[in-house]
Amino acid sequence: MGDTGAMTSPAAPPRTRPTPELRALAAAGPRRVVVLGSTGSIGTQALDVVRAARALDGTGPFRVVALAAGRRNLELLAEQAVETRAAVVATSGDDGDAARLARLIADRSAAAGVAGYRPEVVHGPGAATAAAAHPDADLVLNGITGSIGLAPTLAALRAGHKLALANKESLIAGGALVKEAAAATGDPDALIPVDSEHSALAQALRGGSAAEVDRLVLTASGGPFRGRTRAQLEAVTPAEALRHPTWDMGPMVTTNSATMVNKALEVLEAHLLFDVPLERIDVVVHPQSVVHSMVQFVDGSTLAQASPPDMRLPIALGLAWPHRVPGAAAPCDWTRAAEWTFEPLDPQAFPAVDLIKAAGERGGTFPAVFNAANEEAVHAFHDGRIRFPAIVDTVATVLGEHDGAGPLDLDAVLEAERWARRRAQEVLAR
Ligand SMILES: NC(=O)C1=CN([C@@H]2O[C@H](COP(=O)(O)OP(=O)(O)OC[C@H]3O[C@@H](n4cnc5c(N)ncnc54)[C@H](OP(=O)(O)O)[C@@H]3O)[C@@H](O)[C@H]2O)C=CC1
Ligand SMILES: CC(=O)[C@@H](O)[C@H](O)COP(=O)(O)O
Ligand SMILES: [Mn+2]
């Protein structure tokens with residue numbers, strides 16, 4: 001067997017020089033960026049990208065104008081604020097959290113010799129949404145987890161900003177609402193995928209016209225339980241579900257990878273982003289996570305995007321789109337033997353992809369219900385209240401009871417989500 005590990009382990013990205021495109025981006029004034037979910041996996045890697053890009057030429061193509069996070073890691077949020085000198089720092093926490101955050105920022109800025117730095121600290125459930133609409137921003141990176149990211153997603157687009165979207169749940173729940181908000185900006189590049197598969201697809205789609213696209217093929221690592229039967233999945237533990245074979249991510253997306261709900265969400269995400277019908281979107285299991293997805297064209301040609309698993313690449317491309325950031329991540333080492341394998345998904349053990357295709361065909365609020373029920377079930381699994389297969393079973397039960405008729409507006413989505421969460425809790429308690 002080839003040495004797959006050597007090709008896939010993220011090494012330090014190579015040091016390099018800015019391209020003329022990136023210089024032009026910086027010369028036009030750096031892209032002013034809001035990072036939502038800055039203390040999480042996507043958020044911290046986004047700040048790595050900003051820092052590394054600055055090191056390319058001393059100034060850099062990005063400037064952080066606002067940061068937003070929850071309330072769990074105010075120390076890190078304060079540290080990030082002092083490093084980036086963001087004008088606005090948002091926490092979803094309460095008055096006490098905001099006061100503590102302001103104190104942490106004051107202490108750290110004094111220690112860093114920038115005692116005069118006093119950002120506006122905003123807090124509460126609407127804080128990330130306010131940050132997303134910051135008037136000085138050009139681009140918002142949404143790295144929040146869950147459909148709680150929908151309001152910030154809509155706020156960013158409605159403020160006319162570009163949206164680099166990692167928070168796939170907001171596109172799933174908001175669907176046409178998010179697409180309409182993106183279209184209303186008048187910017188064909190308003191909605192930029194950051195999810196690795198969709199970044200790969202966006203890159204491969206540069207290889208032909210929309211009419212020349214035959215199928216989209218999303219790769220899936222298969223997660224920690226690849227090859228298990230449904231019966232074997234009954235005994236798996238939360239700790240095992242959090243042991244992703246190739247990516248280091250937050251707990252929700254990691255658990256979703258284990259159930260294949262992540263791939264299900266991504267199939268619908270691809271349909272919404274690229275307007276390819278669901279029946280022409282496939283999933284293939286590729287355990288090495290080096291080929292991030294593929295576009296098959298009508299002439300039989302397939303274009304794939306390949307790189308060792310490292311989110312800094314799609315994040316950097318998302319921040320600079322349509323330009324590439326030199327040295328964003330290490331490339332494949334083509335001088336060493338490697339093996340890439342592909343195998344079909346087992347729909348009996350992992351029915352989530354089939355389930356979302358049916359929900360996507362029904363449209364309306366069905367996808368929002370799928371996601372909301374899943375979020376509740378994932379928490380129940382980690383609390384030890386249900387076994388692993390019950391996560392997707394719960395989603396199926398709640399979807400089966402949903403009446404999604406009616407126009408799709410924000411109120412309808414929020415009401416459907418509330419219903420789905422309530423109903424999921426009842427099903428989970430059985
Ligand atoms: N991680 C990855 O490699 C990938 C992630 N994604 C997607 O990106 C999104 C983020 O994932 P990931 O970074 O792994 O998740 P994490 O759990 O690591 O991070 C989530 C971030 O969101 C913040 N947050 C939570 N609630 C709020 C709120 N109400 N307002 C503002 N911020 C909030 C958290 O802050 P706090 O810590 O204070 O709670 C944290 O900063 C998900 O949608 C995921 O599916 C997609 C592809 C790859
Ligand atoms: C890195 C990324 O984009 C994740 O969404 C990843 O795809 C998860 O891996 P799975 O292929 O196991 O879902
Ligand atoms: Mn992905």
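Residues numbered from 1 in each chain as written. Chains lettered and ligands numbered in written order. Predicted model: local features only at pLDDT ≥ 70, side-chain atom pairs only at ≥ 80, totals over all residues. Heavy atoms only, no water.

Comments concerning the site of ligand 1
Okay, so step 1: Looking at ligand 1, there are 27 residues lining it, with Thr39, Ile42, Thr145, Glu169 and Gly250 nearest.
Okay, so step 2: Alanine 166 is positioned with one of its backbone polar atoms (N or O) 3.5 Å from an oxygen atom of ligand 1.
Okay, so step 3: About the coverage of ligand 1: the protein hides 89% of its 900 Å² of free accessible area.
Okay, so step 4: At the level of secondary structure, the elements contributing two or more residues to the shell around ligand 1 comprise helix 3 (41–57), helix 8 (168–174) and helix 13 (251–259).
Okay, so step 5: Partitioned by chemical class, the residues of the shell around ligand 1 number ten nonpolar, twelve polar and five charged. (Near = heavy atom within 4 Å. Polar contact = N/O pair within 3.5 Å; in protein donor to acceptor, adjacent residues only side chain to side chain. Areas by Shrake-Rupley, 256 points an atom, 1.4 Å probe, with all protein chains shown as cover. Helix = DSSP H or I, 4+ residues; strand = E, 2+ residues; numbered from the N terminus. Nonpolar A, V, L, I, M, F, W, Y, C, P; charged D, E, K, R; others polar.)

Some thoughts on the UniProt feature "binding site: 1-deoxy-D-xylulose 5-phosphate" (unreviewed entry) in the protein
Okay, so step 1: Under the feature "binding site: 1-deoxy-D-xylulose 5-phosphate" (unreviewed entry), the UniProt entry names Lys168, Ser196, Glu197, Ser221, His244, Ser257, Asn262, Lys263 and Glu266.
Okay, so step 2: Looking at the element boundaries, serine 221 is found in the loop between strand 8 (213–220) and helix 11 (230–233).
Okay, so step 3: Beyond its immediate sequence surroundings of up to four residues, serine 221 is in contact with Arg226, His244, Pro245, Thr246, Val285, His286, Pro287 and Ser289.
Okay, so step 4: Polar side-chain contacts of serine 221 include one of 2.8 Å to the backbone nitrogen of glycine 223. (UniProt positions renumbered as here; feature names shortened; annotations may be inferred. Contact = heavy atoms within 4.5 Å.)

A word on helix 17 (residues 366–382)
Okay, so step 1: Counted at 1.5 Å a residue, the expected span for helix 17 with its 17 residues is 24 Å, and the 25 Å between its end C-alpha atoms agrees.
Okay, so step 2: Buried residues dominate helix 17, accounting for 15 of its 17 residues.
Okay, so step 3: Just downstream of helix 17 lies glycine 384, where phi reads positive at about 80 degrees. (Expected span 1.5 Å × (residues − 1). Buried < 20%, exposed > 50% of the residue type's maximum accessible area, 1.4 Å probe, protein only.)

Quick word on helix 16 (residues 352–362)
Okay, so step 1: For helix 16, the complete set of buried residues consists of Ala352, Val353, Leu355, Ile356, Ala359 and Gly360. In an axial view of helix 16, the angular spread of the buried residues amounts to 155 degrees, which keeps them on one side of the axis. Opposite the buried face of helix 16, at more than 90 degrees from it, the exposed residues are Glu361 and Arg362.
Okay, so step 2: Buried-residue contacts for helix 16 involve helix 13, helix 14 (261–274), strand 9 (281–285), helix 17 and helix 18 (389–401).
Okay, so step 3: Once helix 16 ends, the next one or two residues include glycine 363, with phi positive near 70 degrees. (Arc of directions from axis to C-beta.)

Focus: the side chain of glutamine 305
Okay, so step 1: Residue placement: glutamine 305 occurs in strand 11 (residues 302–306).
Okay, so step 2: Only 3.0 Å separates the side chain of glutamine 305 from the side chain of serine 307, close enough to count as a polar contact.
Okay, so step 3: Beyond its immediate chain neighbours, meaning those up to four positions away, glutamine 305 contacts Ala200, Gln203, Val290, Val291, His292, Ser293 and Leu313.

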